[in-house]
Amino acid sequence: MIIDGSYIAKGWFFMTIHTVRRGDTVYSIAREYGIPPTRLITDNILENPGRLVVGQDLIILYPTITHTVRGGDTLERIREQYGVSLIDIYRNNPILGGLPNIYPGQVLNIAYETPPLGEISSNGYAYPYIDRDVLRRTLPYLTYLSVFSYGIRDDGTLLPPAADDTEVIALAREYGTVPLLVLTSLTERGTFSSKLAAEVLANEALATSVINSVVQTVTAKGYGGVDVDFEYIPAEYSVAYPEFVEQLSAALGEEYPVFVSLAPKYRADQPGLLYGGHDYGGLGAAADKVLLMTYEWGYTYGPPLPVSPINEVRRVIDYAITEIPREKIFVGIPNYGYDWALPYVRGESKADSLGNVEAVQLALNRCASIEYDEAAESPLFTYYDRPVTYDDAVEHIVWFGNARSSEAMLRLVSEYGLDGAGVWNIMRYFPALWTVMNRLYSIRKL
């Protein structure tokens, strides 16, 4: 039993991930682990606790200190009483949504055992029109927020993002998160341009204009650094790209870190337009941090595959650490899945993107059981569309992410001695990812 303000002897327990079995209920699972059903519901933010999916992951947490809210309590007073930060309370209680609204009788998780894997830096990508509730829920877990994105005009001035970024910058600062300006080789049509990237890297005057525009925007807007994401760079500019990053870093000064997003390579001479212009060694030396874009093995127009199969992610990291200092590297984690209609037809099929929480709801609605691919460390399920006639039935396969796949990806940070993890993207709230991160690591705030 957990008593307010007292410690409980859970020993080595810091988190358990329970996979729902046939016949499981919230109440039977809670009894199995000796926790209140209300804790299971709130810690996992279960919107339909009476309906679980076979194969669904639920996280079992063991707080060492809890507090039952009394009349007159405020989150600030509770924070002072236990000597913890508001950010810690928000992280430990995702049900709060990053806001100080509490009510009498509510049970708050105040503290847990020290996370077992040390510290981690985290980065999340967001468009400036992100739902503010989703942003507030997520910011307590972020070291950095990469605001996507600023493109480049022909004259070297910056093309601003699709919505005003003033408020998201201010919210990031409110939660102790460093906002990063994402600089891309996107055109006004919203597509990555090899031609634009080549023009910037080949033209010294244009590159200087871009750098000056970035410096002006960073200081005027209140950004804390820059994340450079030039994609589809021709291989002949693999030396010029690191030189551009070096010049940008020098112009910004030590106060503003420069990140670079890297295509997921297995070797230096990997063929293809996506890879040729990304010299891991050169960019790793020029940048303060790098993000390995370790996702999109399964993608919109590709065959049904896990988005981030861990065996392929390992291959990328294994190569990256031969070229880049480990302490500069962020592993990329996807926050989405794909739904493919079968059979897949190359050049014709198109998968639909969906959120990880949405995927579980889809499995529930279609009475599907969730499986888990141990080699890829990724969940999946199949279902049939509801047909007008039996002959109209179309089989679908869905690959997505859950608590176990999140844990597998996050453990790579500790295993390889990396600096952190970057999430593409945080537009959908995925509580399991952040809860697992919070229990495995202490999340840095700078």
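What counts as what
Every chain's residues receive numbers from 1 upward, in the order its sequence appears when written. Reporting in this predicted model follows two pLDDT cut-offs: at least 70 for local features of residues, and 80 or more for side-chain atom pairs to be given and counted; totals over whole chains, interfaces and linings ignore these cut-offs and use all residues. Heavy atoms from the whole structure form the basis of all side-chain values; hydrogens and water molecules are not counted. Ring pairs are drawn from Phe, Tyr and Trp, using the six-membered ring of Trp, whenever the two centres fall within 6.5 Å, and their geometry is named by plane angle: stacked under 30 degrees, edge-to-face over 60, tilted for the rest. The helix count covers DSSP runs of H or I at least four residues long, the strand count covers runs of E at least two residues long, and both are numbered beginning at the N terminus. A 1.4 Å probe rolled over the protein chains alone gives each residue an accessible area, and that area as a share of the maximum for its type sets the label: buried under 20%, exposed over 50%, partly exposed in between. Any Lys NZ or Arg CZ found within 6 Å of a ring centre and within 35 degrees of that ring's normal is scored as a charge over the ring. The definition of a polar contact used here is a pair of N or O atoms within 3.5 Å, where within protein one atom must be able to donate a hydrogen and the other to accept one, and adjacent residues in sequence count solely through side-chain atom pairs. In this description, contact between two residues means that some pair of their heavy atoms is separated by no more than 4.5 Å. Each residue carries a pLDDT value, the predictor's own confidence for that position, ranging from 0 to 100. Axes here mean lines fitted to C-alpha atoms, for a helix over just the part in contact, with angles spanning 0 to 180 degrees between N-to-C directions. Each angle gets one of four labels, with under 35 degrees taken as roughly parallel, over 145 as roughly antiparallel, 65 to 115 as roughly perpendicular, and the rest as oblique. Take the far helix as your reference; a near helix turned counterclockwise from it by less than a right angle gives a left-handed crossing, and one turned clockwise gives a right-handed crossing. A cavity here means a set of 1 Å grid points, computed over protein atoms only, where a 1.4 Å probe fits but cannot escape. A pocket is an open set with protein on both sides within 12 Å along at least 5 of 7 lines, and lining residues have an atom within 4 Å of a point. Grid points are joined across faces, edges and corners, and a volume is the space filled by probe spheres set on the points. Strands were regarded as paired on the criterion that DSSP finds at least two bridges between them.

Below, the discussion takes up the packing of aromatic side chains. Two aromatic rings are characterised by how far apart their centres lie and by the angle between their planes. Under the criterion given, the structure shown has 19 aromatic pairs. When the centroid spacing of 5.1 Å and the interplanar angle of 70° are considered together, the rings of Phe148 and Trp424 count as edge-to-face. Taken together, the positions of Phe148 in strand 6 (residues 144–152) and Trp424 in strand 18 (residues 420–424) put the pair 276 residues apart, joining distant regions of the chain. Relative accessible area serves as the criterion here: at 8%, Phe148 is assigned to the buried category. Positioned over the ring face of Tyr266 is Arg315, at 3.6 Å from the centre of the ring. One residue, Arg404, lies across the ring of Tyr372, its end atom 4.1 Å from the ring centre.

A separate point is the side chain of His396. Relative to the elements of secondary structure, His396 occurs in strand 17 (residues 395–399). There is a polar contact of 2.9 Å between the side chain of His396 and the side chain of Asp385. With sequence-adjacent residues up to four places away left out, His396 is seen in contact with Asp339, Trp340, Ala341, Leu342, Phe381, Thr382, Tyr383 and Asp385.

Low-confidence regions, as indicated by low pLDDT, have predicted coordinates that should not be scrutinised in detail. Averaged over the protein chain, the pLDDT score is 95; the fraction of residues at 70 or greater is 96%. Segment residues 1–12 is flagged for pLDDT under 50; beyond a separation of four residues in sequence, or across chains, it makes 21 contacts in the model.

With their axes 11 Å apart at the nearest point, helix 12 (residues 310–323) and helix 14 (residues 403–416) run at an angle of 25° to one another. Considered as vectors, helix 12 and helix 14 are oriented roughly parallel to each other. Helix 14 is crossed by helix 12, and the crossing has right-handed handedness. Facing helix 12, whose interface residues are Ile310, Val313, Arg314, Ile317, Asp318 and Ile321, helix 14 presents Ala408, Met409, Leu412, Glu415 and Tyr416.

Let us look at the layout of surface pockets. Considering only enclosed or pocket space, the largest pocket measures out at about 1100 Å³ in volume. Forming the walls of the largest pocket are 41 residues, and the residues nearest its centre are Phe192, Glu231, Tyr232, Glu296 and Trp424. Looking at the lining of the largest pocket, the elements with two or more residues in it are strand 6 and helix 10 (273–276). For the lining of the largest pocket, the leading source of residues is strand 6, giving three residues.

Backbone-to-backbone hydrogen bonds pair the strands of a sheet. The strands run either parallel or antiparallel. Pairing in this open sheet of five strands is antiparallel, and the strands run 14-13-17-16-15 from one edge to the other. On the outer flanks of this sheet lie strand 14 (352–354) and strand 15 (371–373), each paired with one strand and no other. Strand after strand, the sheet turns through a mean of 30° between neighbouring axes, direction not considered. Where strand 15 and strand 16 (residues 378–384) come together, three bridges link them in antiparallel fashion.

With four of five residues buried, strand 4 (residues 107–111) lies mostly within the body of the structure. Looking at chain direction, strand 3 (residues 65–68) and strand 4 are connected through four bridges and run antiparallel. The residue bridging Thr68 from the neighbouring strand is Val107, located in strand 4.

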